[in-house]
Amino acid sequence: MPESLNIIDLITQASLLVQMVMGLLLLASLVSWVIIFRLSARLGTAKNFDEQFETWFWSGEDLAKLYQGVQGSPERQGLEQIFYIGFSEYLRMHKKRQPKDDIIDGVERKLRVGLGRQQQLLESGITTLASIGSVAPYVGLFGTVWGIMNAFLGLSQTEQATLASVAPGIAEALIATAMGLFAAIPAVLAYNHFTAKSGQLYESRALFCDEMTGMLQRETSTQNALNKGHKSNESKIGTAQVTGL
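This text gives an overview of the structure that appears in the document.

Definitions and cut-offs
Residues numbered from 1 in each chain as written. Predicted model: local features only at pLDDT ≥ 70, side-chain atom pairs only at ≥ 80, totals over all residues. Heavy atoms only, no water. Core = buried A, V, L, I, M, F, W, Y, C linked by side-chain atoms within 4.5 Å. Buried < 20%, exposed > 50% of the residue type's maximum accessible area, 1.4 Å probe, protein only. Helix = DSSP H or I, 4+ residues; strand = E, 2+ residues; numbered from the N terminus. Contact = heavy atoms within 4.5 Å. Arc of directions from axis to C-beta. Polar contact = N/O pair within 3.5 Å; in protein donor to acceptor, adjacent residues only side chain to side chain. Phe/Tyr/Trp six-rings, centres within 6.5 Å; stacked < 30°, edge-to-face > 60°.

Grouped together as the largest cluster of nonpolar side chains are 26 residues, with contacts concentrated most on Met22, Leu25, Leu39, Leu129, Ala136 and Phe194. For this core, the secondary-structure elements that each account for two or more residues are helix H2 (16-57), helix H6 (126-156) and helix H7 (163-244). Take this core: its biggest share by element is 10 residues, from H2. Not counting residues within four places of it along the chain, the set of residues in contact with Leu25 comprises Ala136, Val139, Gly140, Ala176, Met179, Gly180 and Ala183. Within the second largest apolar cluster, 21 residues are counted, among which are Phe53, Leu66, Phe83 and Tyr84.

Spelled out as structure tokens, the structure:
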């Protein structure tokens with residue numbers, strides 16, 4: 001490549017607006033890579049925590065003991081926090097002796113709220129990747145249009161039109177386009193990847209919520225049956241005592 005078309009020289013000699021566009025695209029690229037690394041670590045950690053908690057949850061330990069163990073955890077997250085919110089509501093409504101259907105409905109609402117909040121925390125930054133991926137090419141295109149316009153304006157002021165006179169302006173315009181694609185392509189790929197990955201975690205957590213609701217429903221039915229049986233026995237004993245008198 002001739003020295004006159006050195007990329008560094010083209011960037012430093014570009015017009016102020018094109019340099020601002022390039023700087024903005026470079027900043028967008030750095031932001032997207034920071035978000036990519038953070039999301040990768042966050043999703044990987046969330047998946048590991050969910051798997052560990054599910055192993056603990058399905059180990060056969062009593063839900064009350066499991067709740068006590070989770071309650072003592074200072075930093076609950078993921079399924080652990082969702083379970084804590086749902087079971088706290090279950091205990092609160094069960095203590096108030098609410099009807100079975102009301103208890104289950106209350107638990108389901110709390111589980112949905114906990115699931116939504118955890119998903120929001122998990123997906124924080126994904127929308128920024130989508131914005132960078134969709135806007136960066138147009139920002140680069142703006143720099144391209146401006147650079148080409150300056151090149152032709154410069155050409156109109158010269159007595160002899162040659163390719164050498166417009167090559168720097170066109171080259172700086174193409175660099176702006178390349179930087180726009182450089183910022184956009186990784187952001188779009190990362191957005192698609194993390195959206196799919198977070199969707200899988202959401203489905204797994206939603207399935208856990210359904211399974212937990214079913215377990216609490218069965219436990220509530222069992223307790224209600226035991227309470228009815230206990231009351232029936234007390235009634236029989238009371239009747240027998242009255243008959244004996």
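Moving on, there is more to tell.
The phi torsion of most residues other than glycine is negative, and most of the peptide bonds are trans. The residue Arg97 is not glycine, and still its phi comes out positive at about 55°. Relative to the helices and strands, Arg97 is located in the loop between helix H4 (79-95) and helix H5 (100-122).

Along helix H3 (residues 63-71), the positions that sit buried rather than exposed are Leu63, Leu66, Tyr67 and Val70. Each buried residue of H3 lies within a common arc of 100° when the element is viewed along its axis, so the set occupies one face. Of the exposed residues in H3, the ones pointing more than 90 degrees away from its buried face are Lys65 and Gln68. Measuring from the backbone nitrogen of Ala64 back to the side-chain oxygen at the start of H3 gives 3.1 Å, which picks out Asp62 as the cap.

Our focus in this paragraph is the packing of aromatic side chains. Per the stated rule, a full pass over the model turns up 13 aromatic pairs. Geometrically, the ring pair formed by Phe57 and Trp58 is edge-to-face, given 4.9 Å between the ring centres and 90° between the ring planes. When its relative accessible area of 45% is taken as the criterion, Trp58 is described as partly exposed. Here Phe87 and Tyr90 contribute two aromatic rings whose centre-to-centre distance is 5.4 Å and whose plane-to-plane angle is 35°, an arrangement assigned as tilted.

By themselves, these observations are geometric and do not establish any function.
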